[in-house]
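Chain and residue survey
As a plain string of letters, each chain reads:
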Amino acid sequence: MVIKKANYLISSPSVEKCPKADRPEYAFIGRSNVGKSSLINMLCNNSTLAKTSAAPGKTQLINHYDIESKASIKAATKSKWYLVDLPGYGYAKRSQSERNKWEKMIEDYLRKRDNLVNIFVLIDSRHEPQAIDLEFVNKLGEWQVPFTLVFTKADKEKPKALERHVKNFLDAMRETWQFLPQSFITSAEKKTGREEVLTFIDSCNKK
Ligand code: GDP
């Protein structure tokens, strides 16, 4: 897939305030510092599109980006879709009332946003399975929201450790999940996994 255009559109405090749901939408979420902004920038070939680590946990807003893409350079038709940067979870400094607000906003968004095709749940590939990530994917199951996993920062681990962390996460999921979601391994640093994630989005757009 070739990204022709990637522009920041708007930040919304609630699903009701989000732009009109008139095109497919793909959202990204994960723990604070998981590499979400870096991944979004890498996917869009724009190093400044999403802010990296400016003020962790400060912006509790739903951020929409307006994307135009083509299946290949030669393809005649363009696809229009939204990329959504969601505020993540696991910020130590967030107060209980901020957490409650976050939870309501995210649950509302994920359950009510009709054009949401897939949510990419980012998992830091350097760690053993974290309860907070497993709890979040279990919530998605409860709400029946389609998701895929993205193991980030793959360049930071030796291949064997990377493989082990991915396997351990999937094994932990097997305890409650009958079918496992599709997963991607990415590195914003090395641009690994870019084509795979974009091809997945393109194939969903064609359905
Ligand atoms: P966010 O808080 O989830 O948006 O995370 P950021 O994208 O701001 O990344 C957090 C930190 O991890 C920053 O210092 C990034 O440079 C670093 N980082 C993010 N992705 C990668 C990656 O793929 N490889 C490496 N080596 N570092 C990364």
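In case you missed it, the structure is sitting above this.
Only a predicted model underlies this, so the values are computations on that prediction, with no experimental measurement involved.

Now for the overall build of the chain. Within the chain one finds 5 helices and 7 strands. Listing every helix and strand of the chain by position from the N terminus yields β-β-α-β-β-α-β-α-β-α-β-α. Taken over the C-alpha trace, the chain has a radius of gyration of 16 Å; the compact-globule value for 207 residues is 17 Å, and the two agree within 12%. When each of the 207 residues of the chain is scored for burial, the buried share is 31%.

Looking at chain direction, strand 2 (residues 25–30) and strand 4 (residues 78–85) are connected through 4 bridges and run parallel. Paired with Glu25 across the bridge in strand 4 is Tyr82. Of the pairings in the sheet, the one linking strand 3 (residues 62–70) to strand 4 comprises 8 bridges and is antiparallel in character. Across the sheet, the residue bridging to Lys70 is Lys78, located in strand 4.

Another aspect to go through is the sheet that holds strand 1 (residues 2–12). Taken together, 7 strands build an open sheet; the order of strands is 1-3-4-2-5-6-7 and the sheet is mixed. Of all strands in the sheet, those bounded by a partner on one side alone are strand 1 and strand 7 (183–185). Adjacent strand axes in the sheet meet at a mean angle of 25 degrees, parallel and antiparallel pairs treated alike. Pairing geometry for strand 1 and strand 3, over 9 bridges, is antiparallel. Along strand 3, the bridge assignment pairs Ala6 with Ile67.

By secondary structure assignment, the location of Trp102 is in helix 2 (residues 96–112). For the pair Trp102 and Leu86, spaced 16 residues apart in the sequence, the C-alpha separation amounts to 10.0 Å. Apart from residues no more than four positions distant in its own chain, Trp102 is found in contact with Gln60 and Pro87.

This part covers helix 3 (residues 131–143). Counted at 1.5 Å a residue, the expected span for helix 3 with its 13 residues is 18 Å, and the 18 Å between its end C-alpha atoms agrees. For helix 3, the complete set of buried residues consists of Asp133, Phe136 and Val137. Across the axial projection of helix 3, the buried residues extend over an arc of 95 degrees, all falling on one side. Exposed side of helix 3, more than 90 degrees from the buried face: Ala131, Ile132, Glu135 and Glu142 are the residues found there.

Moving on: the environment of Pro87. Among the structural elements, Pro87 can be located in the loop between strand 4 and helix 2. For Pro87, a count of 22 C-beta atoms within 10 Å puts it in the buried group. Distance in space between the C-alpha atoms of Pro87 and Ile62 is 6.8 Å, their sequence separation being 25 residues.

Our next topic: the nonpolar core. Ranked by internal contacts, the top residues of the largest apolar core, which has 42 residues, are Ala27, Phe28, Leu39, Val84, Val121, Leu122 and Val150. No other element matches strand 5 (residues 116–124), which puts 6 residues into this core. Excluding anything up to four places from it in sequence, Phe28 contacts Lys36, Leu39, Ile40, Val84, Asp85, Leu86, Phe120 and Leu122.

The next point concerns the environment of Tyr109. In this structure, Tyr109 sits in helix 2. For the pair Tyr109 and Ser203, spaced 94 residues apart in the sequence, the C-alpha separation amounts to 23 Å. Those residues in contact with Tyr109 that lie beyond four places of it in its chain are Val15 and Ile62.

Reading the values: the criteria
- Residues numbered from 1 in each chain as written.
- Predicted model: local features only at pLDDT ≥ 70, side-chain atom pairs only at ≥ 80, totals over all residues.
- Helix = DSSP H or I, 4+ residues; strand = E, 2+ residues; numbered from the N terminus.
- Rg over C-alpha atoms; globule rule 2.2 N^0.38 Å.
- Buried ≥ 20, exposed ≤ 12 C-beta atoms within 10 Å, placed from the backbone.
- Pairing = 2+ DSSP bridges.
- Axes fitted to C-alpha atoms, helices over the stretch in contact; angles between N-to-C directions.
- Contact = placed C-beta atoms within 7 Å.
- Expected span 1.5 Å × (residues − 1).
- Arc of directions from axis to C-beta.
- Core = buried A, V, L, I, M, F, W, Y, C linked by C-beta atoms within 7 Å.

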